[in-house]
Structures are given as C-alpha cells and as structure tokens.
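# Understanding the architecture of this molecule
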Amino acid sequence: MSTREENGEKKEQKVKKEKKLSGRKKKKEEEKEQKAEEEYMREEESSERVLLRGIFKVGKKSHDVLLTSTRLTWTPILPESPAGEACKSVPGVLMLRDVLAVKVKRRRAAGQRSGGPVLGVALFYCKRRGHRLEEDTLHLHNASSEHTHAWYNALREVLAGLSGRPRCVKVFINPSSHKKEAVHIYREHVAPLFKMADVRTDITVTERRGHALSVMKELKLDDFDGVVCVGGDGSVAEVCHAVVLRAQLDADSPEVPVRASLPLGIIPAGSTDTVSCSVHGVRDPVTAAMHIILGHVQQVDMCSLWSLGQLLRFGFCAMFGFGGRSLARAEKKRWMPSARRHEYALIKSLARLRPEDCQMSFLKSHTNQQDQRDDQDVDSDGAESWIRVDGPFLSVGVMAIPCLSPHAPRGLAPDTRLCNGSAALIAVGATSRSEFVKHLKRYGAPSGQLDFSFVETHAVTAVKLRPREPTACSEDESEDDAAAKATPIIRSDAGFPWNVDGELLEIPGEVLIRVHGQLISLYGEEVDEADSPASCGCI
C-alpha cells in the first residue's frame, strides 16, 4: 500500500472517529438536557401538583397546557425534525395571582347575547408597565364543551381560593370631585372590571360633606370585604376618617385608635390624588381597580389630630401656615373652576407670604419604639422628652405617608414610608419669598427636595403646635369682595387654617398630632416614586 493510500485511510479513520465522538458528545448533551428538563418537570410536579393537563390552541398552534394551584403553563406541540430530534421550546407561564377573571368563549351572531357554540376559555389578567397595571387576555381555544367547562370550573375554583380578594365592596362616589368626572370614571373604567371579576358592589353617590361618614356609622360591615372611594383627596380623607372612626366606635375605645377592619380602595378622580399616588404610583383608575380586584393590600400609618382633649380628625397629612392659608383662600373662591382657584390661592398666598409665630414641640421616632402605645405619656417616664422649637415658620407639615403626586414624584416627604411607624415633620423657617419659591419648585426635582438651610426635618411620633397669635386671618378681610365678607370661610373667632388631606379645618388653639402605625389597610403597594407625565415648570 502506498504512502498516499495509508495517509488517506488514516485521515478517513480520523474523520470517522471525530464524527463518532461528536455524535456521542451530542447525544450525551441531549441526554443531559433531557435529564435536566425531566428533573425540572419532576421538581415542578412535586412542589405543585398538576390539577389539569390538556390540549388547547394558543394562537394558531396546538399547545400542551398544564394547570397547578399557582400557575398556568403552555408548551407548543412541535413535530420532530427530519433527523428525528424533538424540537425544544420555552413554555409560556401565567401566574394565577395576576388573573382577574376567567370566561367561556362562545361564537355568537350579531345581536345574540347568550348561547352559541363553545370556542374555549379566556383568561383576563393584568400585566405591569412600570407602576401601571394593564389588562391583557390569554385565549385557550378548544371546541369541546366538556373539556372547556372542566377547565373553566377548575380555574374558577383556584381563583376563588386566592386569599384577600374581595367579593363585595361598598362604593362611595363623590360626584363633585375635581371636574365632576367621578361618576363617569367609575362607570367607564371601574364598573366593567368589577363586573368581569364578579365583584358585587353597593354604591352611594354622596350628596353633601359628611354623607360618607354618616353612612359608614350605620353600615353593616359583615356584608362587605372592603370599601372603595371614588374622588379626590378630600373625599379620600373623609372616607379614611370614617373607616377608622367606625373601628374605634365598634371597639368602644374613645382614647386609643383601633385598626380599621376593612381595607380601603382609592379610585383617583381629583386634581392631585396624593394618597392614591402614594399606594399606586400613578393616577390611573384602571390600575387602582386591578389592585382592588387582586387583593393587593398595604398597611399604612395614619395621624390623629387633637385639640383641647377632643379628637378632630384622622388623616395622613396636616399642614399649617402656607399650606393652610392657600387652601383657605381657595375655599373662598368655590365659584371658580378647581384649577383656577387653586392657582389664584397659591399666587395670592405667595404675594402675602408671612411667617407664623408659633411654638412647636415633637417626639423623635426611634426604630426600636415604633410600636409604642398610642396613649403613653412618653415624657413622664423619662424615656423620651419633648423637643421644643420656637417659630416663626412659613410652613409646618406633618406627613405619615410620602404624599406622592405627578408634580412631586418623590413626594412632599421623600424620606418617610407608608408603614414605618413615624411621620415626617417638615418645618420651613422664615426666609425670603424667592428662596421659598425655590423650595416649592424643588419638589419636582429627582433629589434634594429638602436641602435648604431654612428647612428642618425630623422623623417623629408626635407633634404639638401652639400658634401665638389670637386670630388667624384678619389680613384676608381686605382682599375679599362684599359677598365673601358677608359669609367668610375663616372668621377671626374660628381659628387657624389647617390643611388636612386637602380638607380645611379651623382650629383655634394648640393642636396635638399623634402617629399610629398601620392604622388602616389600603389596596395598593408601596412605591418609591410616582410617575410624572412631564416635567413641571410651575410652582
């Protein structure tokens, strides 16, 4: 045999050997992959028992669909390749905690409202886009009525077993909120979602201030799983106060606040919606409705306001000084459109900017004392003492939540959280008008909102504020017209104006504000920042 033939034979043997090794290697890798896949499926099946398995068309392709107690997975059924190898594909997964509702799909003629041949099952679920929740649908096609109804009943049973989802809610709608769109917002965006998810509702359209409170006092709470408020910050403040006050009355505890028994859902329909933004991150009624349907509940701190030993209000945010005076001026111009009167009040308050002479005392918050008793006199036992700071102050705010909004994406109190057992005390000392305007504008910035030498901040559990002036608003008499003078919102004997969650309170003397950890449950979740549709160059 010639050398050339020997070399050719060796080369051929080498190629055969390499092919053989390559085949073995490939087969080994395939076996490894198959083993890993089988192991994964065994783990899945061992951790979660498969409730149902069946064939459905998803899109135009047939899929192998598996249902467990927490998820739905579907894998395309693909033919083998010409080499006899099974084609690999990644299964689709839908977590059942995100499913809003399940319905049987049918083919119906135009105008037909019931009956029709079965087409399969439709699962309506929510998907996230930032803080926003959006509706989407997964269609599982199968013409078998028996097969479809078996899956429909199994899915309904699993969804009914998910905890925290309300079946019946009490709804309060304020038809006068902002642009008077609350009823429209509920009918167009919220009611269809509640109907789809089989959430029953009992609706009260409020007719006057205090209407929701009077209804809540007489409401049979056992008939409901939650309360829903459709309106702006003022409406939310009233319903939140009503829910917590009802719990206090039921427990016969006039001195110590009691945690509310029903969670509250907030459908934003106001101009700022700070409470809604703080638990949703967006001013979107669809997102708010989906949080309610899915039972996303967040524990939230609240404050109680006291004067002369009497409980005045439960709320999230209380502002004295500039915030209170601006709201008082806006209330005098109720005949104006909402946006115009608030703009007028803001400009007028800046033009007449002056500090408030007052004495402020507060108790600092400590992380190891977040659960201190609400009725404890912290100063008497020496564990803590009141810290006193004398004014003047242009503004004093006590905020148990961040108070997020599109114009203040990081919130009026960026360093506080929804349920950390403390509130942010923000005191703005006397400064020039231009510096104060810079401070207001900084709320729209991504950071450094409170980085001013004249702004003092503390995490607190209680605040006392005692104004030193005998009257609050004698300066306003010269700016109002004759009609306003005849029926003034704030009289010299009424007290000092406070802005409590967008509601005007007139309090004549010292005010005590206490923080109560996790006093109420709101449908939503904790968010760090609200979505801002555009940068705001206004104040």
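## A closer look at the overall build of the protein
- For the protein, the count of helices and strands is 11 helices and 22 strands.
- A buried classification covers 48% of the 539 residues belonging to the protein.
- Contacts in the protein between residues far apart in sequence, at least 24 positions, make up 71% of those at least 6 positions apart.
- Here the protein displays about 27500 Å² of accessible surface, and carbon together with sulfur accounts for 49% of that area.

## Considerations on the packing of aromatic side chains
- One pass over the full model with this rule turns up six aromatic pairs.
- Ring geometry for Tyr186 and Phe194: centres 6.4 Å apart, planes at 70°, overall edge-to-face. Note on accessibility: Tyr186 and Phe194 belong to one class, buried.
- Here Phe320 and Phe496 contribute two aromatic rings whose centre-to-centre distance is 6.1 Å and whose plane-to-plane angle is 55°, an arrangement assigned as tilted. Of this pair, Phe320 sits in strand E14 (residues 317-321) while Phe496 sits in strand E20 (residues 496-500); the two residues are 176 residues apart in sequence, bridging distant segments of the chain.

## Digging into helix H3 (residues 182-196)
- Taking 1.5 Å per residue as the helical rise, H3 with its 15 residues ought to reach 21 Å, and the 20 Å between its terminal C-alpha atoms agrees with that figure.
- Roughly 45° is the biggest bend found in H3, and it falls at Val190, with proline Pro192 one to four residues downstream.
- Along H3, the positions that sit buried rather than exposed are Ala182, Ile185, Tyr186, Val190, Leu193, Phe194 and Met196.
- Phi for Asp198, located one or two positions after H3, is positive at around 60°.

Conventions used here
One numbering rule holds for all chains: residues counted from 1, following each sequence as written. Only residues with pLDDT of 70 or above have their local features reported here, since the model is predicted, and side-chain atom pairs are shown and tallied only from 80 upward, although totals for entire chains, interfaces and linings are computed over all residues. Side-chain metrics in this entry use all non-hydrogen atoms of the structure; hydrogen atoms and water are not considered. Only runs of H or I of at least four residues qualify as helices and only runs of E of at least two qualify as strands under DSSP, and these elements are numbered from the N terminus. Burial classes follow relative accessibility: with a 1.4 Å probe on protein chains only, a residue under 20% of its type's maximum area counts as buried, one over 50% as exposed, and anything between as partly exposed. Here, two residues are considered to be in contact whenever any of their heavy atoms come within 4.5 Å of each other. To measure how exposed things are, a 1.4 Å probe is used in the Shrake-Rupley method; for residues, cover is taken only from the protein chains shown. Pairing of aromatic side chains here covers Phe, Tyr and the six-membered ring of Trp, requires ring centres within 6.5 Å, and sorts the geometry by plane angle: under 30 degrees stacked, over 60 edge-to-face, intermediate tilted. Helices are assigned an expected span. That span is 1.5 Å times one less than the residue count. Note on bend: at a given residue it equals the angle between the axes fitted to the 7 residues ending there and to the 7 starting there.

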